[in-house]
Amino acid sequence: MVLKKKKEIEVDAFFLDHQQLEKLQRFSKPEEQNLASLLLHCAQLSNGIQQIQSIKQIMPLVRKMDQNSARDPMVKACLDILGETYFSLAAKNPLKKVLASSLNSLPEEFMTLAVQSFVCCLREELKTTDIYLYRKVLDNLASCMEDFSLGRASIKNLFEEVLQFLQKSLLGIQEENRKNHGNRIVQTQLMHDLLIGIKVSMMLVQKLQDNIQGSLWKCHESFVWQSMCSLLKSSTNFLMDATLLHTVQTTSGLAVILFIKAMYEPVEELPSLVSDLLLGSVKHAGVPAWFVRNCGPLCTEELPDSVLLFLCHGALAMLEWKNGSMGENGEKLLLDIASVLLSLSSELKESSMATSLSRILAIWTNSALAALVSGSPNLKIKLNGNSDVTGKLLEYVYTHWEHPLDAVRHQTKLIFKNLLQIHRTTITGSTEKSDPFFARLIKHLLNLEWHVKGKYASLGCLVECVGTENILQLDRTIPVQILDVMNDQSLAPYASDLLETMFTNHKAHFTSSFPESTWIDQWHDIWVSPLLVILCEGNHDQTTYIIDYYLPKLLKCSPDSLSYMIRILQASTDANLGKKMSIVSVGSCSTRGALGALMACLRTARAHGHLELSNIMSNGLLSTECIKQGLVHQHNQVCIDALGLLCETHRSTEIVSMEEMQLIQFFMMYNLNSQSPSVRQQICSLLRKLFCRIQESSQVLYKLEQNKNKQELLENSTKRHPLGILQQYKDFMSSVCDRLFEVLFPGSSHPTRFSALTILGSVAEIFSVPKGRIAQVFQLDEEIDSTRVQTLIQCFASTFEEVKVLAFGLLMKLRDVAFNLQDSENLDLLFQAAMDLSTSTKPYDCVTASYLLNFLVHHKGLQQICLGKWVEHNPQLDENTSLSTVEKNTLAVLKLLLVNVEEEIFQAKKSLLQAAASFPMYGRVHCITGALQQLPFK
């Protein structure tokens, strides 16, 4: 596991202007810390985090001040500066929230003074006339209303001015957006500003209702009333404007319903008004004139589909559905909303609108559940499973449960789940088990083909509602049917989720109903035994997906079931016969058999932390011979699972036991020559995990050796001394390297060489930490001698490019040791061989030469060989000290190669000239000219 470095939080610091600093300096006292000196110190800090710590000291200091301090000019000046600072900070700056949190605990005697300061600052903010600065003011208004008592008090004092600014800003941004038609970048910014303006207007109405519904409210000529009408009219226009972003229209739909709710009287008739809007049946004579003036565009028979959708959302979100507060009119509105939404489902096909519709339908089901708690008997009849509304909603679910959009599928599942809860709420005098609606629904879903993906999530919801046992009573083979589906990877995740829901629910049912000793065998027969049969006899894809998706979930639900799996599979392995299953073989090249199933179960259990290998081996549940059979099984995946059992653990520092190391050595005796590239890759990957575990656990052991108290704890738990384990690690790694170098003999197969070189590369990389920094349990350098270097160099002669690459990479990791073991005579011979191979007509010989030369250019003595025997001495090369050894060697080798190339070019020219002599004069001239153009002179 890699520990990620915690990202440092960056906070922009605030700065005060010259006048503010002068004011604080005038009131600060160097000999003692007062509020002014604290603020001055805070303002002089350039780090935002430090400023946060300084701001947190303000309130403790203020609490120490006496009540008469409220009259101190210094306090007034500091509060003014705090207000100016608050409104200057960006909305997302943590300093703003910290400052608000501190000021929330301001003592009562200072509150009036603080409100005056903030009101003064807010009044200046509201004077802003630049449309592109409105966003900053809107953000400040929102911040003031969010859990900030001082900010909210300031807005109350300037309530009419705030309303006036909101009207001005919404109209101004709308007009500016119209002027910039076609400029997408500017329009997008303006629409986001518009969105914030609408949200702030809603916050104002929701959080400051007393100001709206005060004495001035009753008079329709009052400024507050006129401002609310203006906001309502603007929101209606935004809702109807299809050129705006959908988020702006959606929020406008919320605002329209909220404002109507705040303004409409009598309240009892509000649900009927909203129903009329949705159904297009508003009669002007029956509604107030102010409503027609401001919401006229909504009072039509046919509203656009998107407008209807957003109005439905607004009604569901802004009206009170709990406690039956809206009476029968509210119940009718609820049903009307469902009718409108369902009619829109066939019209709104565009992805964003389809997503919005599914989300709003899910909100409707939540509202219906809330309304049913205190709803009338009539509402329960109209919402039960047999009703027309529920039937249409189920049709929506069946139509959309395989929708290409994840969000729609998720909401569809939520709708179905809520429909079950709605029906359960309407049931009187019956249970889920005997209810006809649930019975029909279960039967309908079970009759569908298993390739229908929506079936799985819906069945899962039904299981949670009626219980697994009720479903299994209809068909006990359902678990087997679902497992059979898992040979298709596209269905495997859905199937495994359903199985998890079912067996978890089933276990909970058994646990609550029966003593443990009486139900566990039955649970195993239903959920574990079919799994084991398929693991033994199923095809590769099916068993792979079951192991990846299903087995970990089963073990997580019931870790104790592992003992049952081991016992049954072990018995089948030993006797070739399982009493509870038709397992008749230990496996073949096409099926895993009982042994393969056992290895897969054990590997998965250990990787997820449900198994201690030493425990089951010491208890006799698993023998060493059994693991050995798995390690040399004719089915490749069984071998990999057996190796994975030894190499994979959930703790990277778990100590590797002696038995595990012996089994790894046994495995390497027989499996390095695998003909399957994927198997070779898996073997190398798993062994790499083992080496990492040895490296990390060795560091723990070194630390334990240094701490005698912890060392005693380790000895008591493992019965092995840390130094003894470390020595075993070293011996094991040494034996592994011995085996790997043994199989690299000349003439060994490509698969063997690939495996050995890849594993050696992992060893060199994992144990490559310099000795001076930490104690190292093993160093590959110490295992290298001249013979092994020669063995690696001989790998360059392989006709397989990847073998050359692996050998070269390993030699580069070991080059210091490798060169120290080479005398000048060997170096000369290698260089001679490389030069001879470079002139070969066989392509792979030339490639071998290139790898040899690439290796040799790193040797300090190579240049002397080149200069002494092959090319003339170049004193300028020696004088150029800026060049490294590799660069000097490379230049020398290139010069030598160019000499050979020039000789070959000269011979080619000679041949061309001789050929040209046999042509007539005209043709000869052209041949000579062409040859001379193509080939440079020496």
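Our subject is the structure listed above.
Residues numbered from 1 in each chain as written. Predicted model: local features only at pLDDT ≥ 70, side-chain atom pairs only at ≥ 80, totals over all residues. Heavy atoms only, no water.

A. Highlighting the overall build of the chain. Scanning the chain from terminus to terminus reveals 49 helices and zero strands. Within the chain, the fraction of its 938 residues that count as buried is 51%. Expressed as a percentage of contacts within the chain between residues at least 6 apart in sequence, the contacts between residues at least 24 apart total 72%. Summing over all exposed atoms, the chain offers an accessible surface of approximately 45,300 Å²; the carbon and sulfur share of this is 53%. (Helix = DSSP H or I, 4+ residues; strand = E, 2+ residues; numbered from the N terminus. Buried < 20%, exposed > 50% of the residue type's maximum accessible area, 1.4 Å probe, protein only. Contact = heavy atoms within 4.5 Å. Areas by Shrake-Rupley, 256 points an atom, 1.4 Å probe, with all protein chains shown as cover.)

B. A look at helix H17 (residues 305-318). Between its first and last C-alpha atoms H17 spans 20 Å; for 14 residues at 1.5 Å apiece the expected length is 20 Å, and the two agree. Of all the 14 residues making up H17, 12 are buried; the element is thus mostly covered by neighbouring parts of the structure. Looking at H17, one finds that the buried residues are Ser 306, Val 307, Leu 308, Leu 309, Phe 310, Leu 311, Cys 312, His 313, Gly 314, Ala 315, Leu 316 and Met 318. Of the surrounding elements, those touching the buried residues of H17 are helix H11 (184-207), helix H13 (223-240), helix H14 (246-263), helix H15 (270-279), helix H18 (327-344) and helix H19 (351-373). (Expected span 1.5 Å × (residues − 1).)

C. Spatial organisation of the packing of aromatic side chains. A complete count under the given rule lists 21 aromatic pairs for this structure. Both rings, one in Trp 290 and one in Phe 291, keep their centres 6.0 Å apart while their planes meet at 80°; by these two values the pair is edge-to-face. For the pair Trp 290 and Phe 291, one class covers both residues: buried. A connected cluster of aromatic rings, assembled from ring pairs, spans Tyr 86, Phe 87, Phe 118 and Phe 148. Over the ring of Trp 450 we find Lys 455, and its NZ or CZ is 3.5 Å from the ring centre. (Phe/Tyr/Trp six-rings, centres within 6.5 Å; stacked < 30°, edge-to-face > 60°. Lys NZ or Arg CZ within 6 Å of the ring centre and 35° of its normal.)

D. Focus on a nonpolar patch on the surface. Where nonpolar side chains cluster on the molecular surface, the patch consists of Val 632, Met 669 and Tyr 670 and spans about 310 Å² of accessible area. Position of Tyr 670 relative to the elements: it lies in helix H36 (residues 658-670). (Patch = residues over 30% accessible without salt bridge, like charges linked within 9 Å, V, L, I, M, F, W, Y side chains within 5 Å. Salt bridge = Lys/Arg side-chain N within 4 Å of Asp/Glu carboxyl O.)

E. Local environment of unusual backbone geometry. Pro 266 follows Glu 265 through a cis peptide bond whose omega is 0°. Within the secondary structure, Pro 266 sits in the loop between H14 and H15. The phi dihedral of Asp 147 falls on the positive side, at around 50°, and the residue is not glycine. Tracing the backbone shows Asp 147 in the loop between helix H8 (134-145) and helix H9 (149-157).

F. Spatial organisation of the side chain of Gln 167. For Gln 167, the location among the structural elements is in helix H10 (residues 159-179). Using a relative accessible area of 16% as the deciding quantity, one classes Gln 167 as buried. Excluding its chain neighbours within four sequence positions, the residues that come into contact with Gln 167 are Phe 223, Ser 227, Ser 230 and Leu 231.

G. Molecular detail of helix H29 (residues 529-537). Extensive coverage of H29 is indicated by the burial of seven of its nine residues. All of the buried residues along H29 are Ser 529, Pro 530, Leu 531, Leu 532, Ile 534, Leu 535 and Cys 536.

H. Fine view of the pattern of salt bridges. All told, the structure shown has 23 salt bridges when counted by the stated rule. In this structure, the salt-bridge partner of Arg 688 is Glu 765, at a minimum N-O distance of 3.0 Å. Separated by 77 residues along the polypeptide, Arg 688 in helix H37 (residues 677-706) and Glu 765 in helix H40 (residues 750-766) bring together distant segments of the chain. Since its relative accessible area comes to 29%, Arg 688 is described here as partly exposed. Under the relative-accessibility criterion, Glu 765 is labelled partly exposed at 42%.

I. Focus on the environment of Glu 648. Here Glu 648 is to be found in the loop between helix H35 (636-647) and H36. By relative accessible area, which is 13% here, Glu 648 ends up buried. Spatially, the C-alpha atom of Glu 648 lies 9.2 Å from that of Leu 687, the residues being 39 residues apart in sequence. Residue contacts for Glu 648: discarding those within four places in its chain leaves Arg 603, Arg 606, Ala 607, Leu 686 and Lys 689. A polar contact of 2.9 Å, which involves the side chain of Glu 648, links it to the side chain of Lys 689. (Polar contact = N/O pair within 3.5 Å; in protein donor to acceptor, adjacent residues only side chain to side chain.)

J. View of the environment of Trp 225. With respect to the secondary-structure elements, Trp 225 resides in helix H13. Taking C-alpha positions, Trp 225 is 8.5 Å from Met 263, a pair spaced 38 residues apart along the chain.

K. Spatial organisation of the side chain of Asp 641. Residue placement: Asp 641 occurs in helix H35. Judged by its relative accessible area of 4%, Asp 641 falls in the buried class. Ignoring any residue separated from it by four or fewer positions in sequence, one finds Asp 641 in contact with Arg 592, Gly 596, Met 599, Ala 600 and Arg 603.

L. Summary view of the packing of H11 against H14. In contact at an axis separation of 10 Å, H11 and H14 are set at 20° when each is read in the N-to-C sense. Put simply, H11 runs roughly parallel to H14. Of the two elements, H11 crosses H14, and the hand of that crossing is left-handed. On the side of H11, the interface is formed by Met 191, Leu 194, Leu 195, Ile 198, Lys 199, Ser 201, Met 202, Val 205 and Gln 206, while H14 contributes Thr 247, Val 248, Thr 251, Ser 252, Leu 254, Ala 255, Leu 258, Phe 259 and Ala 262. Here the residues of the contact of H11 with H14 sort into 12 nonpolar, five polar and one charged. (Axes fitted to C-alpha atoms, helices over the stretch in contact; angles between N-to-C directions. Parallel < 35°, antiparallel > 145°, perpendicular 65-115°, else oblique. Left-handed = near helix turned anticlockwise from the far one by under 90°. Nonpolar A, V, L, I, M, F, W, Y, C, P; charged D, E, K, R; others polar.)

M. Spatial organisation of the environment of His 635. Here His 635 shows up in the loop between helix H34 (624-631) and H35. Taking C-alpha positions, His 635 is 7.1 Å from Thr 591, a pair spaced 44 residues apart along the chain.

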